[in-house]
Amino acid sequence: MSRSSSRAASYAWKGLDDPDRIDHAVVKFEKESMTAHGTSITSAYASSWRLTVADGWVTRSLSVSVHGTGWTRSLELGRSANGDWSAHATEDGTPIDVRRLGFAPDAFADAIDCDLGLCPVTNTMPIRRLGLLDGNTPPRALPVVWVDVPTLRVSLSTQMYSSGEGLVRYEVPSGEFTAGLTVDPDGVVVHYPELAERFSC
């Protein structure tokens with residue numbers, strides 16, 4: 001089946017940084033977009049998320065819910081067709097001021113990607129949009145809305161993507177972090193050094 005066909009695929013990863021963490025996701029691919037949902041379970045908390053990506057591999061929405069012993073929090077991020085970001089958050093079921101989580105829509109105006117912490121799926125959008133599956137691609141710097149887990153704090157992150165020698169190179173210059181990602185033909189991470197590795201379930 002070609003990459004352009006509409007279909008769903010299931011994924012599972014085990015944590016390399018945290019052996020107790022197991023991540024699952026179901027991704028429905030279209031020719032230039034996708035929708036996905038998934039879960040992450042650790043010894044300290046569990047989370048669930050839902051992602052909508054519009055044509056051109058551009059983020060439209062990300063919803064995340066996290067709960068642990070005696071606490072819950074949730075965050076809904078949206079990006080309009082005009083590029084405006086919005087947010088709604090709750091803690092223990094009560095709405096909270098999203099500024100407490102660092103949300104600043106003016107700061108995110110140039111971002112078209114989100115990145116959910118510890119979630120291999122959110123690397124797929126820039127990988128597909130930049131054509132990193134098609135060969136050697138020079139580095140591109142992208143402004144990205146980063147969502148930390150489990151705090152759900154948000155911030156603007158500059159991330160670098162390039163490809164070569166069969167790997168996608170991912171870099172966060174501000175944190176001096178670099179990784180060579182192994183991805184499948186759909187641009188979903190199979191092996192993320194020191195973070196996650198896909199397994200069959």
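Before reading further, recall that the structure is shown in the block above.
Residues numbered from 1 in each chain as written. Predicted model: local features only at pLDDT ≥ 70, side-chain atom pairs only at ≥ 80, totals over all residues. Heavy atoms only, no water.

1. Structural notes on the overall build of the chain
Selection rule: Helix and strand definitions here come from DSSP, where helices need a minimum of 4 consecutive H or I residues and strands a minimum of 2 consecutive E residues; each element is numbered from the N-terminal end. Think of it in three bands: residues with accessible area under 20% of the maximum for their type are buried, residues over 50% are exposed, and the middle band is partly exposed, with areas taken using a 1.4 Å probe on protein chains only. Contacts: residue pairs with any heavy atoms within 4.5 Å of one another. Reported accessibility uses the Shrake-Rupley method at a 1.4 Å probe radius. Residues are deemed covered only where the shown protein chains occlude them. Charge counting follows a simple rule: Lys and Arg are positive, Asp and Glu are negative, and His as well as the terminal groups are ignored. In this description, the location of a charge corresponds to atom NZ of lysine, CZ of arginine, CG of aspartate or CD of glutamate.
Of regular secondary structure, the chain possesses one helix and 15 strands. Counting only C-alpha atoms, the chain reaches 45 × 40 × 35 Å along its principal axes. Per-residue burial for the chain yields a buried fraction of 44% across its 201 residues. Long-range pairs, those at least 24 residues apart, make up 43% of the contacts in the chain between residues at least 6 apart in sequence. Accessible surface computed for the chain: about 9,700 Å², of which carbon and sulfur atoms make up 50%. Side chains of the chain give 18 positive and 25 negative charges; the mean places of these two sets differ by 5 Å.

2. Regarding the pairing of strand 1 (residues 7-15)
Short version of the rule: A pair of strands is treated as paired once DSSP finds two or more bridges between them.
Where strand 1 and strand 2 (residues 22-29) come together, eight bridges link them in antiparallel fashion. Along strand 2, the bridge assignment pairs A9 with V27. Linking strand 1 to strand 2, which pair antiparallel, is a turn of six residues. Note that strand 1 and strand 15 (residues 196-198) share three bridges and pair antiparallel. Bridge assignment links G15 to a residue of strand 15, and that residue is A196.

3. A closer look at empty space enclosed by the protein
Let me state the cut-off plainly: Points on a 1 Å grid over protein atoms alone make up a cavity when a 1.4 Å probe fits among them but cannot get out, and a pocket when they form an open set with protein on both sides within 12 Å along at least five of seven lines; lining residues each have an atom within 4 Å of a point. Grid points are joined across faces, edges and corners, and a volume is the space filled by probe spheres set on the points. Gly counts as polar in this scheme, as do all residues outside two lists: the nonpolar Ala, Val, Leu, Ile, Met, Phe, Trp, Tyr, Cys and Pro, and the charged Asp, Glu, Lys and Arg.
Applying the stated rule across the entire model yields one cavity of 30 Å³ or more. In this structure, the largest cavity encloses a volume near 80 Å³. Looking at the largest cavity, it is lined by 14 residues, and the ones nearest its centre are D23, S40, W49, L118 and C119. Broken down by secondary-structure element, the contributors of at least two residues to the lining of the largest cavity are strand 2, strand 3 (34-41) and strand 4 (46-54). Residue classes in the lining of the largest cavity are distributed as eight nonpolar, five polar and one charged.

4. What about the packing of aromatic side chains?
Definition in use: Pairing of aromatic side chains requires ring centres within 6.5 Å, counting the rings of Phe and Tyr and the six-membered ring of Trp. Pairs whose planes differ by under 30 degrees are stacked, by over 60 edge-to-face, and all others tilted.
All chains considered together, the criterion is met by six aromatic pairs. Ring geometry for Y11 and W13: centres 5.7 Å apart, planes at 10°, overall stacked. Per residue, the accessibility class of Y11 equals that of W13, and both read buried. Both rings, one in Y170 and one in Y192, keep their centres 6.2 Å apart while their planes meet at 70°; by these two values the pair is edge-to-face. With Y170 in strand 12 (residues 167-172) and Y192 in strand 14 (residues 189-192), this pair connects stretches of sequence that are 22 residues apart.

5. Digging into unusual backbone geometry
The step from V149 to P150 runs through a cis peptide bond, and the omega angle for that step is 15°. Note that P150 resides in the loop between strand 10 (137-147) and strand 11 (154-164). The backbone phi angle of D92 is positive, close to 50°, even though this residue is not glycine. The residue D92 is located in the loop between strand 7 (85-91) and strand 8 (94-96) in this model. Within the chain, E194 stands out as a residue other than glycine whose phi angle is a positive 65°.

6. Observations regarding the pairing of strand 5 (residues 58-68)
Across nine bridges, the pairing between strand 4 and strand 5 is antiparallel. Each bridged residue has a counterpart across the sheet, and for V53 the counterpart in strand 5 is T59. The antiparallel pairing of strand 4 with strand 5 creates a hairpin that spans three residues between the two strands, and G56 there sits at a positive phi of about 90°. In this structure, strand 5 lies alongside strand 6 (residues 71-79), joined through eight bridges in antiparallel fashion. Looking across to strand 6, one finds that S61 is bridged to G78. Counting the residues that bridge the hairpin from strand 5 to strand 6 gives two residues, and of these G70 lies at a positive phi of roughly 85°.

7. Quick look at the pattern of salt bridges
Stated precisely, the cut-off is as follows: Salt bridge, as used here, is a side-chain nitrogen of Lys or Arg placed within 4 Å of a carboxyl oxygen of Asp or Glu.
Under the counting rule described, the total for this entry stands at nine salt bridges. Among the salt bridges present, the one from R99 reaches D97, with a minimum N-O distance of 2.7 Å. Taking the relative accessible area as the measure of exposure, D97 reaches 34% and is therefore partly exposed. If you follow the salt bridges from partner to partner, you end up with D17, R21 and D23 in one network.

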